[in-house]
Amino acid sequence: MSSDNDYEKLTKEEREARDKADREREVAEQAALPYRWKQELGEVDITVPVPKGTRARDLVVVIQKKKLSVGLKGQEKIMEGELCKEIKLEDSTWTLEDQQSLLIHLEKLNKQQWWDNILTHHPKIDTRKIQPENSKLSDLDGETRGMVEKMMFDNQQKQMGKPTSDELKKMEALKKFQAAHPELDFSNAKIS
């Protein structure tokens, strides 16, 4: 794949043509895999077709922090290798559905990062082209949620012509200082 710098030099039509070709290649590569997968920021779900009538005891599924192996007893593995990122082992599971589909749910360790692929030796997708579903504030970790809520509050305050949270903090600190030092005259002070 060419560098991003080369991409920026292309005309709009050339970019659209390259994007279309890249999408077609990506779709073909993903279709050739022995499984289908989808992801959200915090999790990955994999569907592996297995012969109709397969029972859970016929399967050999090994989920490790950085490895995944899936196969039928006594047969060659369907998929096996190193995961592209680490997972939370205790929150990752598998189940057999309708005796024909193995569903694997992997909980990402880093819930703020898209995966390029499932196994490191499999074709990658272009994560820059992912269109995430709208997320809820409750989906975010505490620190990120606090930062987003502060930004939303500050934006709302600005639209109403009111002080932002930082400006409110400065005003509160000044009031406390004035209360602690009534002997000082702040009437002509300009505070920015």
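Residues numbered from 1 in each chain as written. Predicted model: local features only at pLDDT ≥ 70, side-chain atom pairs only at ≥ 80, totals over all residues. Heavy atoms only, no water.

Just to check I follow, could you spell out the side chain of Gln-157 for this structure?
Along the chain, Gln-157 turns up in helix 3 (residues 142-159). Aside from chain neighbours lying at most four places away, what touches Gln-157 is Lys-162, Pro-163, Thr-164 and Leu-168. (Helix = DSSP H or I, 4+ residues; strand = E, 2+ residues; numbered from the N terminus. Contact = heavy atoms within 4.5 Å.)

It is not clear to me how the nonpolar core should be interpreted in this structure. Could you clarify?
It is characteristic of soluble globular proteins that their nonpolar side chains tend to be buried jointly. Of all hydrophobic cores here, the largest spans 24 residues; its most connected members are Trp-37, Ile-46, Leu-68, Ile-104, Leu-106, Trp-115 and Ile-118. Within the residue set of this core, elements represented by two or more residues are strand 2 (43-49), strand 3 (59-63), strand 4 (67-72) and strand 7 (101-108). What Leu-68 contacts, discounting residues up to four positions off in sequence, is Ile-46, Val-62, Ile-63, Met-79, Glu-80, Gly-81, Leu-83, Ile-104, Ile-118 and Leu-119. (Core = buried A, V, L, I, M, F, W, Y, C linked by side-chain atoms within 4.5 Å. Buried < 20%, exposed > 50% of the residue type's maximum accessible area, 1.4 Å probe, protein only.)

Whenever I open this one, the sheet that holds strand 3 confuses me. Can you help?
Pairing between the strands of a sheet comes from backbone hydrogen bonds, and it takes one of two forms, parallel or antiparallel. Spatial strand order, 3-4-5: three strands in an open sheet with antiparallel pairing. The sheet is open, and its two borders are formed by strand 3 and strand 5 (77-82), each paired with just one other strand. Geometrically, the sheet is characterised by an average inter-axis angle of 5° between neighbouring strands, direction not taken into account. Where strand 4 and strand 5 come together, five bridges link them in antiparallel fashion. Pairing of Gly-71 across the sheet is with Lys-77, part of strand 5. (Pairing = 2+ DSSP bridges. Axes fitted to C-alpha atoms, helices over the stretch in contact; angles between N-to-C directions.)

Would you mind going over the sheet that holds strand 2 with me for this structure?
Judged by pairing direction, the sheet is antiparallel, and its four strands sit side by side in the order 1-2-7-6 without closing on themselves. With partners counted over all chains shown, the strands left at the sheet margins are strand 1 (36-40) and strand 6 (87-97), one partner each. Going from strand to strand, the sheet's axes swing by 15° on average, the running direction of each strand aside.

Can you help me understand the packing of helix 3 against helix 4 (residues 165-180) in this one?
Between helix 3 and helix 4, whose axes approach to 9 Å, the crossing angle comes to 80°. Classified by the angle between their axes, helix 3 and helix 4 sit roughly perpendicular to one another. Contacts between helix 3 and helix 4 involve Lys-150, Phe-153, Asp-154 and Gln-157 on the former and, on the latter, Ser-165, Asp-166 and Leu-168. Along the lines of polarity and charge, the residues of the contact of helix 3 with helix 4 split into two nonpolar, two polar and three charged. (Parallel < 35°, antiparallel > 145°, perpendicular 65-115°, else oblique. Nonpolar A, V, L, I, M, F, W, Y, C, P; charged D, E, K, R; others polar.)

Would you explain helix 3 in this entry?
Three- or four-residue spacings in an α-helix give side chains the same orientation, since the helix completes a turn every 3.6 residues. Between the first and last C-alpha of helix 3 there are 26 Å, a value that for 18 residues agrees with the 26 Å anticipated at 1.5 Å per step. Within two residues after helix 3, Gly-161 carries a phi angle of roughly 75°, on the positive side. (Expected span 1.5 Å × (residues − 1).)

Please clarify how the pattern of salt bridges should be interpreted in this entry.
Two side chains carrying opposite charge are able to pair once their charged atoms lie near each other. As enumerated under the stated definition, the model contains nine salt bridges in all. In this structure, Arg-25 engages Glu-29 in a salt bridge whose closest nitrogen and oxygen atoms are separated by 3.1 Å. Here the residue Arg-25 and the residue Glu-29 both occupy positions in helix 2 (residues 12-31), the gap between them amounting to four residues, near one helical turn. Taking relative accessible area as the criterion, Arg-25 reaches 35% and is therefore assigned partly exposed. Residue Glu-149 is joined to Arg-145 by a salt bridge in which the shortest nitrogen-to-oxygen separation is 3.1 Å. (Salt bridge = Lys/Arg side-chain N within 4 Å of Asp/Glu carboxyl O.)

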